[in-house]
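# Architecture at a glance
Residue strings, one per chain:
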Amino acid sequence: MNLEEYFKRIGLHGSFEKLDLATLKLIHKQHVMSVPFENLSVHCGERITMDLEVIFNKIVRRGRGGWCLENNYLFGWVLSEMGYDTTTLGSRVFNSDLKDFGALESHLINKIVIDGKTYIADVSFGVSSQLWEPLELVSGKDQPQAAGVFRLIENGDFWVLEKTGRKPEVPNPDFAKSSLVNREETKQIYGFTLVPREADNFFETNHTLQTDPTSLFTNKSICSLQTPTGFRALIGWTYSEVTYKPEEGVDVLDMRDVTDDDIEQILREKFNLKLQNKLKPASNKAWYTL
C-alpha cells in the first residue's frame, strides 16, 4: 500500500507536504468525486472485510467503491500515513422511520486536528448527505456546502450531524411519490461521541450489515457518486441524476427505472465501475432516501 497509488486513484498527482486544511479539503473532495459509495459486493456474493490491504486492493487497485467501513477506514489510513493527527470515531445513523438513532455504531468517521482546530471528515455516506469537505467541530455553526447547510450540534457528550437542504423537483411524474425522494427540509444524519475507536470495534457490525436480513444493505443495492453539479445514484433498478440548483432553491431529481440489461453499462459509464461478479440488484422495502 502506498500513498502515490491512492492519489492517482482519486486523480491527484504530486506530493502533499503541507498538512493544512486546504490539503485536507482537496483530498476529501477528490475522494468523493472519484470513489463511489456502494454496497454492491453484498449483492455480488462477495464478502466485505475490514482488512486494510484488501480494502486498498479493492478501491485503489481494482477501481471499486465501498461503504463507510471501507472508504473511511482507508481515508483514515491515508491521513495518518500523510502525518495528520487523525482519530477514528463511530457514529449511529438516524433512522427516519424510527425517529431515533440506530443502536449500533454502524458508521465510521474520522476526526482530524489541525492547528488546534478539530474537523470531522466523512467520505462515505453517499447521496445528498455526503460531505464534500470536512466540517469544523463547532456546535451550531452553519457550514454551507453544495448539498445544503450542514450543522454539528453538541448535546452533552453526543454530537449530531444535521443538514438543511432544498426542495426536491422530480420531472418524471412516475417518481413524484417515490419513497426515495427526501421531503424533509432539515434532517438528522447521524450522531457520535468523541471516544476513539479501533478497527476491531466495527468487525461485528461489518458482519451484521452484510448478513442481517433486516439490514438496509442486504435489502437494497446502492451505488452513488458525487459529481461537480450534484450526484448520481443507482438504487436497485432506479437510476437518478441529481442536480443541485441553490440559486433556485431546488434539487432536480431526474429518476428513471432501468433493466437488468442496462445495469452493467450504467455502472461502467456513470460510476466507472466494472464488477468481477454478477450483480443481483435488490430494492426491497427499507428506509432509504436520496
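Rules of the game
- Residues numbered from 1 in each chain as written.
- Predicted model: local features only at pLDDT ≥ 70, side-chain atom pairs only at ≥ 80, totals over all residues.
- Heavy atoms only, no water.
- Buried < 20%, exposed > 50% of the residue type's maximum accessible area, 1.4 Å probe, protein only.
- Helix = DSSP H or I, 4+ residues; strand = E, 2+ residues; numbered from the N terminus.
- Contact = heavy atoms within 4.5 Å.
- Core = buried A, V, L, I, M, F, W, Y, C linked by side-chain atoms within 4.5 Å.
- Phe/Tyr/Trp six-rings, centres within 6.5 Å; stacked < 30°, edge-to-face > 60°.

### Structural notes on helix α3 (residues 52-61)
- Of the residues making up α3, those classed as buried are Leu52, Ile55, Phe56, Lys58, Ile59 and Val60.
- Tucked into the core, α3 has its buried residues touching α1 (3-9) and α4 (68-82).
- Looking at the residues trailing α3, positive phi occurs at Gly63, about 70°.

### Brief notes about the nonpolar core
- One finds Tyr6, Phe7, Phe192 and Leu290 to be the most contacted residues of the largest nonpolar core, which totals 72 residues.
- If one sorts the elements of this core by residue count, α4 sits on top with eight residues.
- Other than its neighbours up to four places away in sequence, Leu290 contacts Val127, Ser128, Leu180, Phe231, Ala233, Ile235, Ser240, Leu253 and Met255.
- Counting residues in hydrophobic clusters, the runner-up holds 14 residues, among them Leu225, Ile266, Leu273 and Leu275.

### Description of the packing of aromatic side chains
- One pass over the full model with this rule turns up 12 aromatic pairs.
- With a centroid separation of 6.2 Å and an interplanar angle of 90°, the aromatic rings of Tyr239 and Phe271 are classed as edge-to-face. Taken together, the positions of Tyr239 in strand β14 (residues 238-245) and Phe271 in helix α7 (residues 260-271) put the pair 32 residues apart, joining distant regions of the chain.
- Residue classification places Tyr239 among the buried residues on the basis of a relative accessible area of 2%.
- You can call Phe271 buried: its relative accessible area is 1%.

### With respect to the environment of Ser221
- Counting through the fold element by element, Ser221 comes out in the loop between α6 (216-219) and β12 (222-227).
- Judged by its relative accessible area of 2%, Ser221 is buried.
- Sequence separation between Ser221 and Asp251 is 30 residues; the distance between their C-alpha atoms is 23 Å.
- Setting aside residues no more than four positions away along its own chain, Ser221 makes contact with Asn39, Leu40, His43, Leu234, Ile235, Gly236, Pro281 and Ala282.

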